[in-house]
Amino acid sequence: MQLKRTATMLLGLATAAFAQAQGNWPSKPVTLVVPFAAGGPTDVVARTLAASMTKSLGQTVVVENKLGAGGNVAAAYVAKAANDGYTFFIHHNGMATSTALYRKLQYDATKDFEYVSQAVEVPMTLLARKDFPASNFQEMVAYVKANKEKINLATAGLGAVSQLCGMMFQRALGVQLTEVPFQGTAPAMNALLGGQVDVMCDQTTQTVPQIKAGNVKLYGVTTKQRVKVLPQAPTLHEQGLKDFEVVVWHGVYAPKGTPAAIVDSMNKAVRAALKDPDVVKRMDDLGAEIVPDATNTPQALQAHLKSEIDRWGPVIRAGGKFAD
Ligand code: ASP
């Protein structure tokens, strides 16, 4: 009897302490895990949001890059991280596509996370090294077809959207190129700038400054409509790759079981960041589109993830490319 009373009392104390902890959240720095290299597209979005959230939360939001397996090392890490409200995760389409690409994953995208918010959508660009011998898209296609065995395609790893975009491009042309995986777009872009790889498909959040500086050749954008930040760039769809469309979407997650009140506070912090004029300007300059506020809910992110798993699963399986 005495033992039972003590246990009940201890439980009561623990619950009260936890409730107080939630009320004080955040009382120490919050980590935002990025699954790709620093300086790349996902990292740029993460650091821009983190700087704004640091102001609104009154605690530093620390960006931590965990690299490998096209984002899956980080996803597995976050899935098993403490669900105390101090670890969050920003990822992209890879959260959906990896489910079809990998035979075995160390996490389940639909079961191991709390959904915090959608954030931004980003077009991709088809690029080649500066001295690639093709001055427009038609010439590029002809050159790639004629030289397929010696062309290197850079990707951010199996599970990255650059790999998905590259796979769709190869399939549209009926060629198989040599894929060179990096641990994010930042190192892939360095290789493209250095001429160690030939072609790459990646987000405007990384490529716009290099395109504008004339450091790479641009052959088109992967959205159905032209994009504001690169108005002269035709879409791949209008240049003959009918219905070619890849848009990168970023979402913020937390380990499963993170208290609902903290998820809600983090959702508010992400939404506030997306309205911060500094964030709006930075995203605009890099061609990223902020997702409308009304759809930045945990429910909308969960529904979007599910629809993306349903959309890409068959496309990826038809490609017959899987990893362990
Ligand atoms: N853009 C990359 C991708 O292809 C990843 C990154 O953000 O570095 O998925």
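Refer to the preceding data block for the structure.
Here's a quick rundown of the structure. Note that this is a predicted model, so its numbers are computed, not measured.

Thresholds applied
Residues numbered from 1 in each chain as written. Predicted model: local features only at pLDDT ≥ 70, side-chain atom pairs only at ≥ 80, totals over all residues. Heavy atoms only, no water. Disulfide = S-S within 2.5 Å. Helix = DSSP H or I, 4+ residues; strand = E, 2+ residues; numbered from the N terminus. Buried < 20%, exposed > 50% of the residue type's maximum accessible area, 1.4 Å probe, protein only. Near = heavy atom within 4 Å. Polar contact = N/O pair within 3.5 Å; in protein donor to acceptor, adjacent residues only side chain to side chain. Areas by Shrake-Rupley, 256 points an atom, 1.4 Å probe, with all protein chains shown as cover. Nonpolar A, V, L, I, M, F, W, Y, C, P; charged D, E, K, R; others polar. Phe/Tyr/Trp six-rings, centres within 6.5 Å; stacked < 30°, edge-to-face > 60°. Lys NZ or Arg CZ within 6 Å of the ring centre and 35° of its normal. Axes fitted to C-alpha atoms, helices over the stretch in contact; angles between N-to-C directions. Parallel < 35°, antiparallel > 145°, perpendicular 65-115°, else oblique. Left-handed = near helix turned anticlockwise from the far one by under 90°. Contact = heavy atoms within 4.5 Å.

**What about the state of the cysteines?**
Tallying each qualifying case throughout the model produces 1 disulfide. Disulfide pairing is shown between Cys-165 and Cys-201; the S-S distance is 2.0 Å. Between Cys-165 and Cys-201 the sulfur-sulfur dihedral comes to about 65°; the bridge is accordingly right-handed. With Cys-165 in helix 6 (residues 161–173) and Cys-201 in strand 7 (residues 199–203), the pair connects residues that are 36 residues apart, well separated along the chain. Overall, the relative accessible area of 1% leaves Cys-165 in the buried class.

**Side note on the site of the ligand**
All residues in the neighbourhood of the ligand are listed as Phe-36, Pro-41, Thr-42, His-92, Ala-156, Ala-160, Val-161, Ser-162, Gly-184, Thr-185, Asp-202 and Gln-203. Measuring from a nitrogen atom of the ligand, one finds a side-chain N or O atom of Thr-185 at 2.7 Å. Protein coverage of the free-state accessible area of the ligand, which is 270 Å², stands at 100%. Taken together, the elements giving at least two residues each to the shell around the ligand come down to helix 2 (41–57), helix 6 and strand 7. Class assignment of the residues belonging to the shell around the ligand gives a composition of 5 nonpolar, 6 polar and 1 charged.

**Section: the packing of aromatic side chains**
Aromatic ring pairs are described here by two measures, namely the spacing of the ring centres and the angle between the planes. Applying the stated criterion across every chain, the model contains 8 aromatic pairs. Summarising the aromatic geometry, the rings of Phe-89 and Tyr-253 are spaced 6.4 Å apart at their centres and angled 45° between planes, so their arrangement reads as tilted. Here Phe-89 is found in strand 3 (residues 87–91), whereas its partner Tyr-253 is found in strand 9 (residues 247–255), with 164 residues between them in sequence. A residue is classified by how much of its surface remains accessible, and Phe-89, at 0% relative accessible area, is buried. Arranged with centres 5.9 Å apart and planes meeting at 65°, the rings of Tyr-115 and Tyr-253 form a pair that is edge-to-face. Of the two residues, Tyr-115 is situated in strand 4 (residues 113–129) and Tyr-253 in strand 9; the sequence distance between them amounts to 138 residues. In this pair, the class of Tyr-115 matches that of Tyr-253, namely buried. Among the aromatic residues, those joined into a ring-pair cluster are Phe-89, Tyr-107, Phe-113, Tyr-115 and Tyr-253. Above the face of the Tyr-86 ring, Lys-28 is positioned so that its terminal group lies 4.7 Å from the ring centre. We note Lys-66 situated over the ring of Tyr-77; from NZ or CZ to the ring centre the distance is 4.4 Å.

**Thoughts on the packing of helix 7 (residues 185–193) against helix 8 (residues 204–212)**
Where helix 7 contacts helix 8, the two axes come as close as 11 Å, and the packing angle between them is 25°. Put simply, helix 7 runs roughly parallel to helix 8. You can see that helix 7 and helix 8 cross each other, and the crossing is right-handed. Note on element contacts: helix 8 touches helix 7 through Gln-206, Thr-207 and Gln-210, opposite Thr-185, Ala-186, Met-189 and Leu-193. Tallied by class, residues from the contact of helix 7 with helix 8 come to 3 nonpolar, 4 polar and no charged.

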